[in-house]
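Summary of the model geometry
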Amino acid sequence: MADSFSRCEVLIAGTGPAGLATALYLLRERPALAGRIVALEKSAHPRFKTCAGGLIPKTILALEELGLALEVAACIVMRGEARTPVGVVEIDRGEPLCTVIRRDEFDARLARAARAAGLIIAERTRVIGVTQNSSRVRVETDRGAFEASILVGADGSGSRVRAAVFGPGKESIGRALMTDIPVDPRDAVEFADHRYRFDFRCVSAGIPGYAWSFPCLIDGVPHLNVGIYDQHPRASGAAGGEQAQMLTELRAAFPELPLAALENRTQPFRAFPIRWFDSRDHYTSGRVILAGDAAGVDPLMGEGISCAFEHGKLAARAIARSLDGDATALEAYDRDLHRAAVGRKMKKLAFAARHFYGPRHRLFFRLARLSRRAREIGIDWYNGARRIDERPTRALVGRWLREIFFGASIR
Ligand SMILES: Cc1cc2nc3c(=O)[nH]c(=O)nc-3n(C[C@H](O)[C@H](O)[C@H](O)COP(=O)(O)OP(=O)(O)OC[C@H]3O[C@@H](n4cnc5c(N)ncnc54)[C@H](O)[C@@H]3O)c2cc1C
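First, a word on what this report is: a plain description of the structure on this page.

Thresholds applied
Residues numbered from 1 in each chain as written. Predicted model: local features only at pLDDT ≥ 70, side-chain atom pairs only at ≥ 80, totals over all residues. Heavy atoms only, no water. Helix = DSSP H or I, 4+ residues; strand = E, 2+ residues; numbered from the N terminus. Rg over C-alpha atoms; globule rule 2.2 N^0.38 Å. Buried < 20%, exposed > 50% of the residue type's maximum accessible area, 1.4 Å probe, protein only. Contact = heavy atoms within 4.5 Å. Areas by Shrake-Rupley, 256 points an atom, 1.4 Å probe, with all protein chains shown as cover. Lys, Arg positive; Asp, Glu negative; His and termini not counted. Charge placed at Lys NZ, Arg CZ, Asp CG, Glu CD. Pairing = 2+ DSSP bridges. Axes fitted to C-alpha atoms, helices over the stretch in contact; angles between N-to-C directions. Expected span 1.5 Å × (residues − 1). Right-handed = clockwise from strand over helix to strand, strands pointing away. Disulfide = S-S within 2.5 Å. Phe/Tyr/Trp six-rings, centres within 6.5 Å; stacked < 30°, edge-to-face > 60°. Lys NZ or Arg CZ within 6 Å of the ring centre and 35° of its normal.

Section: the overall build of the protein
A tally of helices and strands in the protein yields 13 helices and 19 strands. Relative to the globule expectation of 22 Å for 411 residues, the C-alpha radius of gyration of the protein, 21 Å, shows essentially globular dimensions. Dimensions along the principal axes, computed over C-alpha positions, put the protein at roughly 60 × 55 × 40 Å. Taken across its 411 residues, the protein has 55% of its residues classed as buried. Excluding contacts between residues fewer than 6 apart, the proportion of contacts in the protein whose partners are at least 24 apart in sequence is 72%. Working note: accessible area of the protein is about 17,600 Å², and carbon and sulfur atoms make up 53% of it. Side-chain charges of the protein comprise 60 positive and 48 negative groups, with the mean position of each set lying 4 Å from the other.

As structure tokens, then:
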């Protein structure tokens, strides 16, 4: 199988949102690359991915930009509730806050679109190693070797490409675990009120993160996707202790759910790492670039799908320029991931994580509760609603102050 396209223009390791967004943006910009971009995927679509499947409005904007209808079952969330160590916060912006999908269906939908645009996907092909010289990258897989001028490492938090080319660093890896519970939609506020629920009280118990409950549909059947995110699981001591503590906090967040009963079943909870953005990291090495979880995503909430699309868009632009002969294009991608809108946003989220998950977290949660309007701007900014997260920091702070003091609205 490898022989027919073992040499190509661009190789992409991984066909999650980051790899597929890279291909979709690149083929939109350069349709002539159809048939010359190969994605290597260890699994086969549709494949399970441990993920709550919450698409923030920024991701919906990216789909619109790519001309893609969602085409999969979804629950639209209109309201939210966040329990914090100092009280409860209600969220209602009068527009969708989140669209909850299932990742097997969503990623398969993206893969179909990318194939239709000309991406070749080599499924059941696992990347094992990477070497490069000044003109080519060679990728060893369990189905033979592939060569290209550029390689995109979009193979997730445990990226083989990252480990082979950038080194094994594991300091910036969080962990989330989740389960799906079937519910009668009449009995669950998440369905009755189109609501998601967050609970940050685990921060006071030593878990820098939050528990969540999202409404979702699995094969048309209403479920709650319930889970907990820990930004620093390595700090939690003995092996196994980390997961036990996460489960204790998850049960405390949602005592009405039958979570304790679930623990007796085989594999009731699925855990998965989330690599978060670290401003000291580099994302380009020679002819290899990283995108999505392989690079690092939102440290505060572990949200990574919108980031995957943003990285994909920047990667596509850099690859197109590089293929045009711009020798600095891939290095510029590294700068973009730090300095463009997505990099600036990740730095602010890293700052927020340090404070909301730090020793003075109660003070910061208290501050966040002070002004409803300031909070709403923060939520719109986080969600990328109307792309306000792309505005320069100074303009955003000016508008934020105007909104708080004079009641002008950010549109
Ligand atoms: C429990 C949990 C809940 C989450 N909830 C949300 C949420 O609600 N909203 C949100 O935005 N984000 C959420 N995230 C984060 C989100 O899942 C990731 O940020 C997102 O999947 C990143 O996309 P990606 O394409 O970079 O990586 P992935 O989606 O991990 O895709 C990587 C792909 O590479 C393939 N691959 C891996 N290794 C190899 C290899 N060696 N060779 C070939 N192929 C390989 C994998 O099979 C996979 O298809 C959650 C994460 C977890 C763990």
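Structural notes on the sheet that holds strand E6 (residues 87-92)
The seven strands lie next to each other as E6-E5-E14-E15-E16-E13-E17, forming an open sheet whose pairing is mixed. Because the sheet does not close on itself, it has two edges, and the strands there are E6 and strand E17 (270-275). Averaged over all adjacent pairs, the angle separating strand axes in this sheet is 20°, with direction ignored. As defined by bridge partners, strand E15 (residues 209-218) adjoins strand E16 (residues 221-230) across 10 bridges and the pair is classed as antiparallel. If you follow Tyr210 over to E16, its bridge partner there is Tyr229.

Description of the sheet that holds strand E7 (residues 98-100)
Here we have three strands laid out as an open sheet, ordered E3-E7-E4, and antiparallel in their pairing. This sheet does not close on itself; its edge strands, each paired only once, are strand E3 (54-55) and strand E4 (75-77).

Description of unusual backbone geometry
The amide bond that connects His45 to the next residue, Pro46, takes the cis arrangement and shows omega of -5°. Within the secondary structure, Pro46 is located in the loop between strand E2 (37-40) and E3. The backbone of His194 shows a phi angle near 50°, a positive value even though the residue is not glycine. Given a relative accessible area of 42%, His194 falls into the partly exposed group. In the Ramachandran plot, Arg387 falls in the positive-phi region, its phi being about 60° despite a non-glycine side chain. Along the chain, the position of Arg387 falls in the loop between helix H12 (372-383) and helix H13 (393-406).

Topic: H12
Here H12 is 12 residues long and its end C-alpha atoms lie 16 Å apart, about the 16 Å a rise of 1.5 Å per residue gives. Most of H12 is tucked away, with nine of its 12 residues classed as buried. Turning to H12, its buried residues number three or more, namely Ala374, Arg375, Glu376, Ile377, Ile379, Asp380, Trp381, Tyr382 and Asn383. Two residues or fewer after H12 comes Gly384, characterised by a positive phi angle close to 70°.

Focus: the pairing of E2
Across the two faces of E2 the burial is the same, with Ile37 and Ala39 and Val38 and Leu40 all buried. Sheet topology places strand E1 (residues 10-13) next to E2; four bridges connect them, and they run parallel. Paired with Leu11 across the bridge in E2 is Val38. After leaving E1, the chain enters helix H1 (residues 17-29) and then returns to the sheet as E2, a path that is right-handed. In this sheet, strand E8 (residues 120-122) lies alongside E2 in parallel orientation, the contact comprising three bridges. Residue Ala39 lies in a different strand from E8, and its bridge partner there is Ile121.

Some remarks on the state of the cysteines
One pass over the full model with this rule turns up zero disulfides. Free of any disulfide, Cys307 has its nearest cysteine sulfur in Cys51, 13 Å distant. Overall, the relative accessible area of 1% leaves Cys307 in the buried class.

Things to note about the packing of aromatic side chains
Throughout the structure, instances matching the rule amount to 13 aromatic pairs. Taken together, a centroid distance of 6.5 Å and an interplanar angle of 35° make the contact between Phe198 and Phe200 tilted. A residue is classified by how much of its surface remains accessible, and Phe198, at 9% relative accessible area, is buried. For Phe200, a relative accessible area of 11% puts it in the buried group. A ring pair is formed by Phe200 and Phe365, whose centres lie 5.6 Å apart and whose planes are at 50°; its orientation type is tilted. Here the residue Phe200 occupies a position in the loop between strand E14 (195-199) and E15, and Phe365 occupies one in helix H11 (residues 361-370), the gap between them amounting to 165 residues. What links up through ring pairs into an aromatic cluster is the set Tyr196, Phe198, Phe200, Tyr210, Trp212, Phe214, Tyr229, Phe356, Phe364 and Phe365. Seen from the ring of Phe48, Arg270 lies directly overhead, with NZ or CZ sitting 4.2 Å from the centre. Sitting over the face of the ring of Trp381, Lys345 holds its NZ or CZ atom 5.6 Å from the ring centroid.

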